[in-house]
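Each chain, letter by letter, is given below.
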Amino acid sequence: MSDAVVIETLEQMKKFLNEKGVLEIVIRNQKKQIDTILKVIIDNLPETQEKDLIEKVIHTLNEKVHLIKRKLKLLGNVAQLEKIGMLLNGLNLCSTCAGFATMYAKLDAMSAEINQQLYQLQKTAKQTQDVQNEYEFNKVLAEHTDMLDSQRKQQPYSEGKMRELVDREYNVLTLLISSFQKDISGDRSALIFSIFSMLAMFTVSLRSFDELYYFNNRRALEKDVWHLSHEKWMSVYDTLSSEWFIEKLQDYGTFETTLSTQGVDVYYTSLLEQVNDLRSEIEDNQALLIAIGDAELFRKYKEMSAKEVADSIESAYREAGRDLDEETVTAAYQNAMRQAAMA
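Rules of the game
Residues numbered from 1 in each chain as written. Predicted model: local features only at pLDDT ≥ 70, side-chain atom pairs only at ≥ 80, totals over all residues. Heavy atoms only, no water. Helix = DSSP H or I, 4+ residues; strand = E, 2+ residues; numbered from the N terminus. Buried < 20%, exposed > 50% of the residue type's maximum accessible area, 1.4 Å probe, protein only. Contact = heavy atoms within 4.5 Å. Areas by Shrake-Rupley, 256 points an atom, 1.4 Å probe, with all protein chains shown as cover. pLDDT = per-residue confidence, 0-100. Core = buried A, V, L, I, M, F, W, Y, C linked by side-chain atoms within 4.5 Å. Expected span 1.5 Å × (residues − 1). Axes fitted to C-alpha atoms, helices over the stretch in contact; angles between N-to-C directions. Parallel < 35°, antiparallel > 145°, perpendicular 65-115°, else oblique. Left-handed = near helix turned anticlockwise from the far one by under 90°. Nonpolar A, V, L, I, M, F, W, Y, C, P; charged D, E, K, R; others polar. Salt bridge = Lys/Arg side-chain N within 4 Å of Asp/Glu carboxyl O. Phe/Tyr/Trp six-rings, centres within 6.5 Å; stacked < 30°, edge-to-face > 60°. Lys NZ or Arg CZ within 6 Å of the ring centre and 35° of its normal. Polar contact = N/O pair within 3.5 Å; in protein donor to acceptor, adjacent residues only side chain to side chain.

## Re the overall build of the chain
Counting secondary structure elements, the chain contains 15 helices and 2 strands. For the chain, with 343 residues in total, the buried portion stands at 48%. A separation threshold of at least 6 residues defines the contact pool for the chain, and within that pool the share at least 24 residues apart is 70%. Entry remark: accessible area of the chain is about 17500 Å², with carbon and sulfur atoms responsible for 48%.

Below, the structure is given as structure tokens:
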């Protein structure tokens, strides 16, 4: 972070544009790895409110650099103890075969213990052995890997097969959460890791399913363009943001780790932010699907831009444009998205 360049004006920013008229702002973590890449499209900006908005975006991004620097110092000690770093990068790790291999190795080592916990929970709830077999933890891990491999081979799952995976991951996730709620675990650290890892897997799968479902059915459905189970699936993010869940995370951090009071606060708030970020990943992706509206254009956008790009641009525009009318901000943001999709 010490070599960060602070840009204060539009003219200064133009000096750092690449050949496509794109400003790339890279924020690195303490290990000098890229933490966030923000791309702001400013190609041929007119002398209008949009120019003023871009100036505010620059200020907002500079402020975020300083905030991230301060937070990383606190998060560093917590991450060493709780492996938060892996959890907070869960979405990226669960999005590709190479990334998921790292996550899979840790989760597979826990699978026997996790399956036993699920069995105990279902036995307590007097559920059948058939249900246990359907939702074994390691089977869902294998299925998620197969889904990623199919995408890698450019032979993606069908809409029906993708829905089945979303359902399986949702059910395993809700069972894991129930195990945590009912204290059916001898290793709560492993259970928490499993919950947030499964949440990242579930988010990746649901995002992919939304894309398939939208482009396959949007013309027939017109207004209600999402699967009827979507609201049920999204409820898991509410559960993980609930008061009881947060209290259990706080209790775990306080009584079962060596974290200081400040460390416990960083621990549970970081995980809560992860829940909110993953929820936003689904909601933002839905908004992009509707805004772009074309399958081929959307594919190009995905190839060019990672999730962090879209989220950071939108957040910066909304925050910087608080004093402008909604129409101006929305138009500027959508214009940036269109250019990003076609770059």
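## Re the confidence of the model for the chain
Residues with a pLDDT of 70 or more make up 65% of the chain, whose mean pLDDT is 76. Of all helices and strands in the chain, the one with the weakest mean pLDDT is strand β2 (residues 34-41) (41), whereas helix α10 (residues 230-239) scores best (98). Here residues 128-134 is a poorly scored stretch, pLDDT under 50, and it has 9 contacts once near neighbours within four places are set aside; other chains count.

## Side note on the nonpolar core
Counting residues in hydrophobic clusters, the biggest one holds 61 residues, and the most contacted among them are I195 and F196. Broken down by element, the residue count for this core peaks at 15 residues, all from helix α9 (residues 188-221). With residues near it in sequence (within four places) discarded, F196 still touches L87, F245, L249, L271, Q274 and V275. By size, the runner-up hydrophobic cluster in this structure holds 11 residues, among which are I292, F298, A332 and Y333.

## Section: helix α7 (residues 137-152)
Helix length check: α7 (16 residues) gives 23 Å between terminal C-alpha atoms against 22 Å at 1.5 Å per residue, within 8%. Every buried residue belonging to α7 is among F137, V140, L141, E143, H144, M147, L148, D149 and S150, and all of these are buried. Note on α7: the residue one or two positions beyond its end, Q154, has a positive phi of about 60 degrees.

## Remarks on the packing of helix α8 (residues 159-181) against helix α11 (residues 243-255)
One can describe the packing of α8 onto α11 by two numbers: an axis separation of 11 Å at closest approach and a directional angle of 60 degrees. In terms of their interaxial angle, α8 and α11 are classed as oblique. The handedness of the crossing between α8 and α11 is left-handed. Contact residues: α8 offers I177, F180 and Q181, while α11 offers W244, F245, K248 and L249. Of the residues assigned to the contact of α8 with α11, the class counts are 5 nonpolar, 1 polar and 1 charged.

## Points about the packing of α11 against helix α12 (residues 261-292)
One way to put it is that α11 packs onto α12 with a least axis distance of 9 Å and a crossing angle of 145 degrees. Judged by the twist between their axes, the crossing of α11 over α12 is right-handed. Facing α11, whose interface residues are I246, L249, Q250, Y252, G253 and T254, α12 presents V264, Y267, Y268, L271 and L272.

## Looking at the pattern of salt bridges
Enumeration over the complete set of coordinates arrives at 11 salt bridges. Between D167 and K232 there is a salt bridge; the shortest N-O distance is 3.8 Å. Taken together, the positions of D167 in helix α8 and K232 in helix α10 put the pair 65 residues apart, joining distant regions of the chain. Residue classification places K232 among the partly exposed residues on the basis of a relative accessible area of 38%. Between D183 and R188 there is a salt bridge, with the nearest N and O atoms lying 3.7 Å from each other. Taking relative accessible area as the criterion, D183 reaches 47% and is therefore assigned partly exposed. Shared partners join several salt bridges into a network, and the residues in it are D183, R188, K248 and E256.

## A few points about the packing of aromatic side chains
Under the counting rule described, the total for this entry stands at 12 aromatic pairs. Aromatic side chains Y170 and F202 sit 6.1 Å apart centroid to centroid with 45 degrees between the ring planes, which places their arrangement in the tilted category. Note that Y170 is positioned in helix α8 and F202 in helix α9, a separation of 32 residues in sequence. An identical accessibility class is assigned to Y170 and F202; each is buried. Considering the side-chain rings of Y252 and Y267, the 6.0 Å spacing of their centres and the 45 degrees angle between planes classify their relative orientation as tilted. Of this pair, Y252 sits in helix α11 while Y267 is found in helix α12, placing the two residues 15 residues apart along the sequence. Assigned by exposure class, Y252 and Y267 land together as buried. Cluster of aromatic residues (ring-pair linked, three or more members): F180, F196, W244 and F245. Above the face of the Y157 ring, K161 is positioned so that its terminal group lies 4.4 Å from the ring centre.

## A look at the side chain of S208
Mapped onto the elements of the fold, S208 is located in helix α9. When its relative accessible area of 10% is taken as the criterion, S208 is described as buried. Among the polar contacts made by the side chain of S208, one reaches the side chain of Q151 at a distance of 3.4 Å.

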